[in-house]
Amino acid sequence: MSIFLALWLLFQAGAQIDQRAVEWFRKGEELIGTPDQFSDRQAEFFERAVQISPAFAAARYNLAVIYLQQKKLDQAVGHLDALIELEPENARGLQMRAQIRFGQAQIQSSREDLDRALKIDSQDPISWHLLGVIHFQQGRDQDAVDAFAQVLKLNPSTSQTHINLAQAYQRLGQDQKAQFHYEFFLRTHPEDFQAQFRLGLLHLEAGRKEAALKQLLKAERLNPDDPGVLRELGGLYLELGNPDEAKRRLSRSDESDAWNLANLGLIARREKRFADAERYLRAALEQAPNNDQLWANLGDILSFQKKYQEAVEAYSRALDLGQETFSTLYNMAAMQVSLGMKDKAEEFLKRAIKVSPQEGRAHYSLAVLLDQRKEDDGSQRHFLEAIRNGVDRPQGRFRLAQFFAVQSQPEEAMVHLTAAIRMEPQTYVPLVRRILKQVVSDLDVIRYRKDFNDLLKEYESIPDPKTSPPSQSPAVP
């Protein structure tokens, strides 16, 4: 928003000014529009006018403008202070001083000047604009929207205000309004990188991934080396299942950025380059040592490399930092099993079930652990929960058949035995035949039933290899 030097005619109605001061003012005025505009020479002419007539408001104003252009802000404010004292009902000086104070982070003083200026001239779009910026910076987004809307009302051609409104609406969560103002601005400024980028982020935050991709690619064409665009495109391509395009962006992005390093680690994980994935994640953790998700991801990578103790340490750190998620607890349990620490595995499986009781995997793994400890009631309960929650495996079905048979519930026993044999007849038909050769077995309650013998007859062609029963160990994720 440009500020222009004042001409003498604009101030003729002011106080009586010494003619010598007017002559110096005229000299400065003659330099407007020449290469000496805003120069030290022009400033000297206006300074001489002020020395002769300190109440010369026009000279004070022009000196403030010149010093503002020269970045001599203290000198500019000095003349504005004098101008405001001379003309307390003139909004122009208050508005300029508010802008300088805002630039010097004197927000409260700037706000006070703007309030005074708008009481004098409520139709000034420049003051409303700066007030909107202050509101936005201080997190008063609705007040910012109101101020920027006032700017557009007073000056509809102010295109930059659409960007400001878009950002304020975006923070308010009013995505449609934010999108409208971004797109309105981009119709006349399609080469504006920040607008293209921010609109892409808006789509991304709203979960509109395809729209976000299209928009971020436009931003990338305008500024192909921008680290923010590379980061967001890399992460988005990774989410969309395109690791090659993700790698192209992330490999050119800021390597000190923990988020980028973490995504490079995830790409390496997908490509089964586990050593590279570990290196990226450890580098990311150097930048963000308290990121619980990074520690959990590192635990996964270490587990793939069979570094079980290191994986336990990584998962422990993730849990200490608040990553009490099902996957972290479940994976920690698997590591404890691998280390032979079944009591601890049981503890983590129970925590995992508490976090996500609908996860059948945890119920199944806990059932197997309890079965190994001969805790039949708990094992039976969790095998049933596993089935109810989508994890239906022949081993679980067979053990349930045994449990119900021992409990003299032949109908239930037959349901589960039939399911086990249907799923894996090569294993369970020979196993049942070997059990029947025992004098006393868990299946005695059903061995003489017609449906039992019909089931075995159905699979009588299956040979009886001399193999041991399947191992009873939890599935490692």
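Please refer to the structure placed before this passage.
Okay, so let's go over this structure. On a predicted model such as this, the values are computed, not experimentally measured, just so you know.

Overview of the pattern of salt bridges
- Scanning the entire structure with this criterion turns up 41 salt bridges.
- Between Arg26 and Glu29 there is a salt bridge, and its shortest N-O distance comes to 3.2 Å. In this pair, Arg26 and Glu29 both sit in helix H1 (residues 19-30), 3 residues apart, roughly one turn of the helix.
- The salt bridge partner of Lys209 is Glu239, with a shortest N-O separation of 3.0 Å. Here Lys209, found in helix H12 (residues 209-222), pairs with Glu239, found in helix H13 (residues 227-239); they are 30 residues apart in sequence, far enough to count as distant.
- Judged by its relative accessible area of 33%, Lys209 is partly exposed.
- Through salt bridges with shared partners, a single network forms among Lys247, Glu271, Arg273, Asp276 and Arg279.

Brief notes about H12
- Under the 1.5 Å per step criterion, the end-to-end length of H12 is 20 Å for 14 residues, consistent within 8% with the ideal 20 Å.
- Every buried residue of H12 is listed here: Ala212, Leu213, Gln215, Leu216, Ala219 and Glu220.
- Considering only its buried residues, H12 is in contact with helix H10 (175-188), helix H11 (193-205), H13 and helix H14 (243-250).

Brief notes about the packing of aromatic side chains
- What the rule picks out here adds up to 9 aromatic pairs.
- Measuring from centroid to centroid gives 5.0 Å for Phe25 and Phe56, while their planes differ by 25°, and the two rings are stacked. Taken together, the residues Phe25 in helix H1 and Phe56 in the loop between helix H2 (40-52) and helix H3 (57-69) connect sequence positions 31 residues apart.
- Since its relative accessible area comes to 0%, Phe25 is described here as buried.
- An aromatic cluster is present here, built from Phe25, Phe46 and Phe56 joined pairwise through their rings.
- When the ring centre of Phe136 is taken as reference, the NZ or CZ atom of Arg171 above it lies at 3.8 Å.

As for unusual backbone geometry
- Look at Phe38: it is not a glycine, yet its phi comes out positive at around 70°.
- By the secondary structure assignment, Phe38 is in the loop between H1 and H2.
- Notably, Ser408 is not glycine yet its phi reads approximately 60°, a positive angle.
- When you line up the elements, Ser408 lands in the loop between helix H23 (394-406) and helix H24 (410-423).

Re helix H9 (residues 160-171)
- With 12 residues, H9 extends 17 Å from end C-alpha to end C-alpha; this agrees with the ideal 16 Å at 1.5 Å per step.
- Buried within H9 are the following residues: Thr161, His162, Ile163, Asn164, Leu165, Ala166, Gln167, Ala168, Tyr169 and Gln170.
- In this fold, the buried residues of H9 make contact with helix H7 (125-137), helix H8 (141-154), H10 and H11.
- Of the residues flanking the end of H9, it is Gly173, one or two places downstream, whose phi is positive at about 80°.

Re the side chain of Gln170
- Note that Gln170 resides in helix H9.
- In this structure Gln170 comes out as buried when scored by relative accessible area, which is 15%.
- At 3.2 Å, the side chain of Gln170 forms a polar contact with the side chain of Glu205.
- Not counting residues within four places of it along the chain, the set of residues in contact with Gln170 comprises Ala178, Tyr182, Arg198, Leu201, Leu202 and Glu205.

Side note on the nonpolar core
- Membership of the largest hydrophobic core comes to 53 residues, with the highest contact counts inside it found for Leu298, Leu349 and Ala362.
- At 8 residues, the largest contribution of residues to this core is made by helix H19 (residues 326-338).
- Residues within four places of Leu349 in sequence aside, it is in contact with Tyr330, Ala333, Ala362, Ser365, Leu366 and Leu369.

Calculation rules
- Residues numbered from 1 in each chain as written.
- Predicted model: local features only at pLDDT ≥ 70, side-chain atom pairs only at ≥ 80, totals over all residues.
- Heavy atoms only, no water.
- Salt bridge = Lys/Arg side-chain N within 4 Å of Asp/Glu carboxyl O.
- Helix = DSSP H or I, 4+ residues; strand = E, 2+ residues; numbered from the N terminus.
- Buried < 20%, exposed > 50% of the residue type's maximum accessible area, 1.4 Å probe, protein only.
- Expected span 1.5 Å × (residues − 1).
- Contact = heavy atoms within 4.5 Å.
- Phe/Tyr/Trp six-rings, centres within 6.5 Å; stacked < 30°, edge-to-face > 60°.
- Lys NZ or Arg CZ within 6 Å of the ring centre and 35° of its normal.
- Polar contact = N/O pair within 3.5 Å; in protein donor to acceptor, adjacent residues only side chain to side chain.
- Core = buried A, V, L, I, M, F, W, Y, C linked by side-chain atoms within 4.5 Å.

Scope: geometric values only; no functional claims are made or implied.
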